[in-house]
Amino acid sequence: MSTLQNDTLIRALTRQPTPYTPVWLMRQAGRYLPEYNDARRRAGSFLALCKTPSLATEVTLQPLERFRLDAAILFSDILTIPDAMGLGLYFADGEGPRLERPLRDEASIARLAVPDPAEDLRYVGDAVAEIRRALAGRVPLIGFAGSPYTLACYMVEGGASEDWRTVKAMLYKRPDLLHRLLETNSRAVSALLNAQIEAGAQVTMIFDTWGGSLPAAAYREFSLAYMEKVLSRLKRGEGSARVPVIVFTKGGAPWLEQIAAIGCDCVGLDWSPDLGEARQRIGKRVALQGNLDPMVLLASPEEVRRETEKVLESYGSGAGHVFNLGHGVPQLAQPENVEALVAAVHELSPKFHR
Ligand code: 1CP
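Remember, predicted model here, so these are calculated numbers, not experimental data. (Residues numbered from 1 in each chain as written. Predicted model: local features only at pLDDT ≥ 70, side-chain atom pairs only at ≥ 80, totals over all residues. Heavy atoms only, no water.)

Caption draft 1: Region of interest: the pattern of salt bridges. Counted under the stated rule, the structure contains 21 salt bridges. A salt bridge links Arg-101 to Glu-100; its shortest N-O distance comes to 3.3 Å. As a salt-bridge pair, Glu-106 and Arg-174 come within 3.0 Å of each other at their nearest N and O atoms. One end of the pair, Glu-106, is in helix H6 (residues 106-111); the other, Arg-174, is in the loop between helix H9 (165-173) and helix H10 (175-199), and 68 residues separate them in sequence. On the basis of relative accessibility, which here comes to 40%, the residue Glu-106 falls in the partly exposed class. According to the relative accessible area criterion, Arg-174 is partly exposed, its value standing at 30%. Connected through shared salt-bridge partners, Asp-38, Arg-41, Arg-42 and Glu-58 make up one network. (Salt bridge = Lys/Arg side-chain N within 4 Å of Asp/Glu carboxyl O. Helix = DSSP H or I, 4+ residues; strand = E, 2+ residues; numbered from the N terminus. Buried < 20%, exposed > 50% of the residue type's maximum accessible area, 1.4 Å probe, protein only.)

This is the structure we're talking about:
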């Protein structure tokens, strides 16, 4: 960690003072960048990008060449775990991810094994190591995985869903089966995150994209409890080498206090809560990441700057804020708007750190 030229992200995540608010963006590498689409074409597919460490490295660095971002995030996907479990991940053109063999019965869930990150997911650790070398200490590298529940959503449903009816039906009809799957997933997630940390990831983030689709009690039992298990198994290191952990539940605003209590360093917020109110609720215990509405990136640079300032003002003065969107960069975002966002955070935030 001492080799980092820019450690503002690490400092903000541990609520130490910084000269300005660090900024990175979920999905900062992706289809809104022409150079990403070019690399994807060369690779042949999205999965080939993920599975070829030199290409994953190239794509991870693309947004950093354009914008003054304060972090890199590993180019990969949460669905590499179900892929390594043999569920047959593929991407139909123009559609989201699909699994050939979704889990629908007791036997397939009982058969499921935790993938060995050194074997089936070796390309992930290799990409982390190669990205660290290429970054040469410019900014920290964030590793990530999906939450056990969010992975279960795709694994049971077989793909994206409006209402997640199949996994929720299992939750009510066969909670024992879902618990069994979540236990397997939590072991797979902690093993993959530990492998990323070992390979050089300096921050870890858990994406709980679909936990927010559950009622409060079910969220605690089926999503939050398993993220807590993941955190308890992480080899986070100590002192200046300690790896901070960010937990992001989309739609998790009603449960911020409970999320802040599972042992994470930072809670990621989607665009819905007022950042100042979230800070009042949990800002004494954890750092906060967020929470500009991604759709602001479909407006003009002036509007992006104005909305960015509102988010900074809402958090107010002091340490503990990592600027981000409330969810990923939309595919139709103009790169000049992303540029305006990053520039605005660097220009407008120092006054909140004096
Ligand atoms: O090129 C393409 O067509 C693929 C588009 C794409 C990209 C760029 C997918 C397919 N995944 C990714 C990369 C990705 N996925 C990153 C890279 C790092 C970054 O720059 O941020 C990360 C962190 C993810 C994580 C991810 N994948 C999540 C959690 C975060 C979120 O967006 O909520 C989820 C739910 C996925 C599944 C997934 N993979 C891809 C898509 C389009 C989806 C979402 C499917 C759905 O709508 O349910």
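Caption draft 2: Examining the nonpolar core more closely. Formed by 126 residues in total, the largest nonpolar core has its most connected members in Leu-178, Val-267 and Leu-341. In this view, Leu-178 contacts Tyr-149, Ala-152, Val-167, Met-170, Leu-171 and Phe-222; residues no more than four positions away in its chain are not counted. (Core = buried A, V, L, I, M, F, W, Y, C linked by side-chain atoms within 4.5 Å. Contact = heavy atoms within 4.5 Å.)

Caption draft 3: Highlighting unusual backbone geometry. The peptide bond linking Gly-290 to Asn-291 adopts the cis configuration, its omega dihedral lying at -10 degrees. Within the secondary structure layout, Asn-291 lies in strand E8 (residues 287-292). Positive phi is not limited to glycine here, since Arg-15 has a value of about 55 degrees. Of note, Arg-15 is situated in the loop between helix H1 (8-13) and helix H2 (34-43). With a phi angle near 60 degrees, Arg-27 is a residue other than glycine that sits in the positive phi range. The topology assignment puts Arg-27 in the loop between H1 and H2.

Caption draft 4: Quick peek at the side chain of Gln-28. Within the element layout of this structure, Gln-28 appears in the loop between H1 and H2. What Gln-28 contacts, discounting residues up to four positions off in sequence, is Leu-33, Pro-63, Leu-64, Leu-69, Ala-71, Ala-72, Ile-73 and Val-329.

Caption draft 5: A look at the sheet that holds strand E7 (residues 266-268). Judged by pairing direction, the sheet is parallel, and its seven strands sit side by side in the order E1-E4-E5-E6-E7-E8-E9 without closing on themselves. Only two strands of the sheet have a single neighbouring strand rather than two, namely strand E1 (72-73) and strand E9 (321-325). Note: E8 against E9, five bridges, orientation parallel. Within the sheet, the bridge partner assigned to Leu-292 lies in E9 and is Leu-325. Where H10 meets the sheet, it contacts strand E4 (141-146) and strand E5 (203-208), and its direction lies at approximately 170 degrees from that of E4. (Pairing = 2+ DSSP bridges. Axes fitted to C-alpha atoms, helices over the stretch in contact; angles between N-to-C directions.)

Caption draft 6: View of the site of the ligand. Residues in close proximity to the ligand total 24 residues, the closest being Arg-27, Tyr-36, Arg-40, Tyr-154 and His-327. At 3.3 Å, a backbone N or O of Ala-29 approaches an oxygen atom of the ligand. The side chain of Asp-77 places a nitrogen or oxygen atom 2.7 Å from a nitrogen atom of the ligand. Relative to its unbound accessible area of 890 Å², the ligand is 90% covered by the protein chains. Of the residues that constitute the shell around the ligand, the class distribution is 16 nonpolar, four polar and four charged. (Near = heavy atom within 4 Å. Polar contact = N/O pair within 3.5 Å; in protein donor to acceptor, adjacent residues only side chain to side chain. Areas by Shrake-Rupley, 256 points an atom, 1.4 Å probe, with all protein chains shown as cover. Nonpolar A, V, L, I, M, F, W, Y, C, P; charged D, E, K, R; others polar.)

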